[in-house]
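Letter by letter, the chains look like this.
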Amino acid sequence: MAREFTRVGVVGLGTMGAGIVEVFARNGLDVTAVEISEAALERGRVTLTGSTDRAVAKGKLAEAERDALLARVDFRVGLDALHDVDLVIEAVPEHLDLKQRIFAELDRVCKPEAILATNTSSLSVTEISVATTRPNQVIGIHFFNPAPVMKLVEVVRTVVTSADVVADVEALCERLGKVDVTISDRAGFIANALLFGYLNHAVGMFEARYATREDIDAAMKLGCGLPMGPLALMDLIGLDTAYEILDTMYRRGGRDRRHAPAPLLKQMVTAGLLGRKSGRGFYTYERPGSPKVVPDEYTPPAGDAALADGARAIAKVGVVGSGTMATGIIEVFAKAGYEVISVTRGAEKSAKVCEAVKTSLNKGVVRGKLSETDRDAALGRVTWSATLDHLADVDLVVEAVIEELSVKKALFASLDEICKPGVVLATTTSSLPVIDVAMATQRPADVIGLHFFNPAPIMPLVEIVRTIRTSAETSATARAVCAKLGKTGVVCGDRSGFIVNALLFPYLNDAVKMLEASYSTADDIDYAMKLGCGYPMGPFELLDVVGLDVSLAIQRELYLELREPGFAPAPLLEHLVTAGYLGRKSGRGFRDHTRR
Ligand SMILES: NC(=O)c1ccc[n+]([C@@H]2O[C@H](COP(=O)([O-])OP(=O)(O)OC[C@H]3O[C@@H](n4cnc5c(N)ncnc54)[C@H](O)[C@@H]3O)[C@@H](O)[C@H]2O)c1
């Protein structure tokens, strides 16, 4: 017969524990909430009341419900208070010896039939379980941060966890309104195994001054639709916790260098910069525990005036190319009031591009986003040409031709001969080194990358790629242009994948490796990332949309440039591409799209 859970215990009321107490109490369970000292207990109580008060203020919880919720929680110091609970979940800091000590103590204190659960993110549940005399009743229940909000729970079954314990915990998760995925005991389980390499890589980028914290975070939010950027997420997780998770994953997960904590993390933890909970991490917060970021000495000056500082005046823009990106970019510039000269390789291509721009603008009119007058004005600003010579007097050229270095280099050599001095020459390449293109000209200081995302009229992000020869004036001009286009321009160095692809594709590749290792299914991995981390799509959904061939090519580039062993493309990805399973566009990728 299934167990009845009436009273549960939570040990440790920090970032996770306080949230877990809220989840239980909100769903009608009585909770004994335990801390190590009166002061820590008080902090936990304040976190819980703060969170429930916010829920009331937002209209998500009635006042009476809040009062009933809080009345169900019994705050206590010391584990002895847990003698009558049916299940206890431990959420103390991520140290194996500490958790083992607590489990040995829980084993002594709790009634024999009680289930002992850990919220560990990366430690071995099996190793924790052997500190007790009842390892068959020990299980991992891994909630996500913030626990009251995130839908996912990873249920971690060890080789000795009883089947009835797993079933009862799964039923409990359902009662809590959570979606559970049940998996075996591997470092990082599903979500953290895919998340932490990415987070650590982002910290490494920041540490190497590859881009600012604001730009790294904006790139991932706007380029991938993530709910928050990686550095803001590190602050939410807590840098001490993140450090321990990475360190454990490095040691348990095959010593993948990508999990070796970035040196900066250790320094920040030592300096007491733990993220939101201490009021300062990558960002500075209004006060400890507050989600509100306040300006500090690293906050960039706001406003267009700051952006325009040192920028050249741009009125006339040439766009070279006739594909999807060129078409979108012409529309973006024309709508923003620039005079545009579109150059293709022939009148027929120009006619097609012109048609595509018209169709897209008309869609805007139908959807009520653009007036007919504005549409006509935008079209009136574009001149259609098949001759590069017409770019002699433009102020900015944006190149969006085929992704082949020889073609781009030849084009830039021609632009160098044709264009007037002082022109900014930009490439939209997504994978080639901008410096190679720049060196095809006699004016590398004027060359920069402007990496638009597809579809350009919709995606709010542009990566501004500065080479080691790009001048400050050229960068300032690119930033001012992005601002006028209504896009967020993020500045980064000239490295394979820039910010977004460099952070995104290794994660997707890791998901393929996880599937290949039969650790979980594509559906559960997709669920884990969507419900545990708030991603708009799971990795396999996204791979099928992007195209497996495109993803493989990007991953290969990253691997070849950085020679990071962990970046080696997953063999399964290579095989699927060889088999012609390219994703939605070919009807089949990780999933079969012909039957949907
Ligand atoms: N932070 C996250 O985003 C996140 C997400 C999922 C899981 N986890 C896991 O949850 C666990 C807790 O992490 P956290 O971020 O909440 O840590 P935290 O540092 O915010 O909180 C830990 C709490 O445990 C208390 N504590 C320490 N020793 C204790 C003892 N002997 N008895 C009772 N309480 C004790 C501390 O006073 C503190 O309040 C870790 O295993 C972590 O890996 C964290």
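Residues numbered from 1 in each chain as written. Predicted model: local features only at pLDDT ≥ 70, side-chain atom pairs only at ≥ 80, totals over all residues. Heavy atoms only, no water.

A word on the overall build of the protein
Working step 1: Scanning the protein from N- to C-terminus turns up 23 helices and 18 strands.
Working step 2: For 596 residues, the compact-globule estimate of 2.2 N^0.38 gives 25 Å, and the protein sits close to it at 27 Å.
Working step 3: Summarising its shape, the C-alpha atoms of the protein cover approximately 85 × 50 × 45 Å along the three principal directions.
Working step 4: Expressed as a percentage of the 596 residues in the protein, the buried residues total 54%.
Working step 5: Long-range pairs, those at least 24 residues apart, make up 70% of the contacts in the protein between residues at least 6 apart in sequence. (Helix = DSSP H or I, 4+ residues; strand = E, 2+ residues; numbered from the N terminus. Rg over C-alpha atoms; globule rule 2.2 N^0.38 Å. Buried < 20%, exposed > 50% of the residue type's maximum accessible area, 1.4 Å probe, protein only. Contact = heavy atoms within 4.5 Å.)

Observations regarding the packing of helix α19 (residues 500–516) against helix α23 (residues 571–578)
Working step 1: Packing of α19 against α23 leaves a shortest axis separation of 8 Å and a crossing angle of 95°. Classified by the interaxial angle, the pair formed by α19 and α23 is roughly perpendicular. On the side of α19, the interface is formed by Asn509, Val512, Leu515 and Glu516, while α23 contributes Pro571, Leu572 and Leu573.
Working step 2: A breakdown of the residues in the contact of α19 with α23 according to their chemical character gives 5 nonpolar, 1 polar and 1 charged. (Axes fitted to C-alpha atoms, helices over the stretch in contact; angles between N-to-C directions. Parallel < 35°, antiparallel > 145°, perpendicular 65-115°, else oblique. Nonpolar A, V, L, I, M, F, W, Y, C, P; charged D, E, K, R; others polar.)

Quick look at the sheet that holds strand β8 (residues 179–184)
Working step 1: Spatially, the 8 strands line up as an open sheet ordered β3-β2-β1-β4-β5-β6-β7-β8, and their pairing is mixed. Each edge of the open sheet carries a strand with a single partner, namely β3 (73–77) and β8. For this sheet, the mean angle separating the axes of adjacent strands, direction not counted, is 25°.
Working step 2: The pairing of strand β1 (residues 7–11) with strand β4 (residues 87–90) spans 4 bridges and is classified as parallel. When the bridges of β4 are listed, Val10 appears paired with Ile89. (Pairing = 2+ DSSP bridges.)

Here we look at the pairing of strand β11 (residues 316–320)
Working step 1: The buried count for β11 comes to 5 of 5 residues, which makes it a mostly enclosed element.
Working step 2: The two faces of β11 match: Lys316, Gly318 and Val320 on one face and Val317 and Val319 on the other face are all buried.
Working step 3: When β11 meets strand β12 (residues 339–343), the two strands line up parallel, connected through 5 bridges. In the strand pairing of β12, Val319 is matched with Ser342.

Observations concerning the site of the ligand
Working step 1: The full set close to the ligand counts 25 residues, and Met16, Glu35, Glu94, Lys99 and Ser121 are the nearest of them.
Working step 2: A distance of 3.4 Å separates an oxygen atom of the ligand from a polar atom in the backbone of Val92.
Working step 3: About the coverage of the ligand: the protein hides 88% of its 830 Å² of free accessible area.
Working step 4: Mapped onto the shell around the ligand, the elements with two or more residues apiece are α1 (15–26), α4 (96–109), β6 (138–143) and α10 (239–252). (Near = heavy atom within 4 Å. Polar contact = N/O pair within 3.5 Å; in protein donor to acceptor, adjacent residues only side chain to side chain. Areas by Shrake-Rupley, 256 points an atom, 1.4 Å probe, with all protein chains shown as cover.)

Details of the layout of surface pockets
Working step 1: Quantified by volume, the second largest pocket comes out at close to 1200 Å³.
Working step 2: In terms of lining residues, the second largest pocket is bounded by 40 residues, among which Asn454, Asn501, Val546, Val550 and Ile554 are the most central.
Working step 3: Looking at the lining of the second largest pocket, the element that brings in the most residues is α19, giving 6 residues.
Working step 4: Class assignment of the residues belonging to the lining of the second largest pocket gives a composition of 26 nonpolar, 11 polar and 3 charged. (1 Å grid on protein atoms, 1.4 Å probe; cavity = no way out; pocket = protein on both sides within 12 Å on 5 of 7 lines; lining within 4 Å. Points joined across faces, edges and corners; volume = space filled by probe spheres on them.)

A word on α19
Working step 1: For α19, with 17 residues, the first-to-last C-alpha span of 24 Å sits near the 24 Å given by 1.5 Å per residue.
Working step 2: For α19, a buried count of 14 out of 17 residues is recorded, marking the element as mostly surrounded by other parts of the structure.
Working step 3: Backbone geometry just after α19 places Ser518 at a positive phi near 60°. (Expected span 1.5 Å × (residues − 1).)

Concerning the packing of helix α7 (residues 191–207) against helix α11 (residues 263–270)
Working step 1: For the pair α7 and α11, interaxial distance at closest approach is 8 Å and the crossing angle is 85°. Compared by their axis directions, α7 and α11 come out roughly perpendicular. The residues of α11 that touch α7, namely those facing Asn200, Val203, Phe206 and Glu207, are Pro263, Leu264 and Leu265.
Working step 2: Residues belonging to the contact of α7 with α11 are distributed by class as follows: 5 nonpolar, 1 polar and 1 charged.

Points about the packing of aromatic side chains
Working step 1: Scanning the entire structure with this criterion turns up 6 aromatic pairs.
Working step 2: Arranged with centres 5.7 Å apart and planes meeting at 70°, the rings of Tyr507 and Tyr535 form a pair that is edge-to-face. One end of the pair, Tyr507, is in helix α19; the other, Tyr535, is in the loop between α20 (522–533) and α21 (539–546), with 28 residues separating them in the sequence. Residue Tyr507 shares its accessibility class with Tyr535, and that shared class is buried.
Working step 3: Taken together, the aromatic side chains of Phe333, Tyr338 and Phe452 make up a single cluster linked through ring pairs.
Working step 4: Taking the ring centre of Tyr210 as reference, the NZ or CZ of Arg495 above it sits at 4.5 Å. (Phe/Tyr/Trp six-rings, centres within 6.5 Å; stacked < 30°, edge-to-face > 60°. Lys NZ or Arg CZ within 6 Å of the ring centre and 35° of its normal.)

Details of the pairing of strand β18 (residues 488–493)
Working step 1: Within β18, 5 of the 6 residues are buried, leaving the element largely enclosed by the surrounding structure.
Working step 2: Inspection of the sheet shows strand β17 (residues 461–466) paired to β18 by 6 bridges, in the parallel sense. Bridge pairing links Val462 to Gly489 in β18.
Working step 3: Of the crossover connections in this fold, the one passing from β17 over helix α18 (residues 472–484) to the parallel β18 is right-handed. (Right-handed = clockwise from strand over helix to strand, strands pointing away.)

Some words on the pattern of salt bridges
Working step 1: Applying the stated criterion across every chain, the model contains 39 salt bridges.
Working step 2: Salt-bridge contacts for Glu399 lead to Lys408; the nearest nitrogen and oxygen are separated by 2.6 Å.
Working step 3: On the basis of relative accessibility, which here comes to 1%, the residue Lys408 falls in the buried class.
Working step 4: One network of salt bridges, with partners in common, ties together Asp53, Glu63, Arg66 and Asp67. (Salt bridge = Lys/Arg side-chain N within 4 Å of Asp/Glu carboxyl O.)

A few points about the sheet that holds β17
Working step 1: Taken together, the 8 strands give an open sheet; going across it, the order is β13-β12-β11-β14-β15-β16-β17-β18, and neighbouring strands pair in mixed fashion. Because the sheet does not close on itself, it has two edges, and the strands there are β13 (382–385) and β18. Averaged over all pairs of adjacent strands, the angle between strand axes in this sheet comes to 25°, irrespective of strand direction.
Working step 2: Packing against the sheet, α18 makes contact with β14 (396–399), β15 (424–427), β16 (447–452), β17 and β18, and its axis sits at approximately 25° to β16.

Some remarks on a positive patch on the surface
Working step 1: Side chains of Arg54, Lys58, Lys60 and Arg287 sit close together on the surface and give a patch of like positive charge.
Working step 2: Looking at the element boundaries, Lys58 is found in the loop between α2 (38–57) and α3 (63–71). (Patch = residues over 30% accessible without salt bridge, like charges linked within 9 Å, V, L, I, M, F, W, Y side chains within 5 Å. Lys, Arg positive; Asp, Glu negative; His and termini not counted. Charge placed at Lys NZ, Arg CZ, Asp CG, Glu CD.)

Some remarks on the side chain of Ser122
Working step 1: You can see Ser122 is positioned in the loop between β5 (115–118) and α5 (125–129).
Working step 2: Overall, the relative accessible area of 0% leaves Ser122 in the buried class.
Working step 3: Setting aside residues up to four positions removed in sequence, Ser122 forms contacts with Glu94, Ala187, Gly188, Phe189, Glu244, Ile245, Thr248, Met249 and Arg252.

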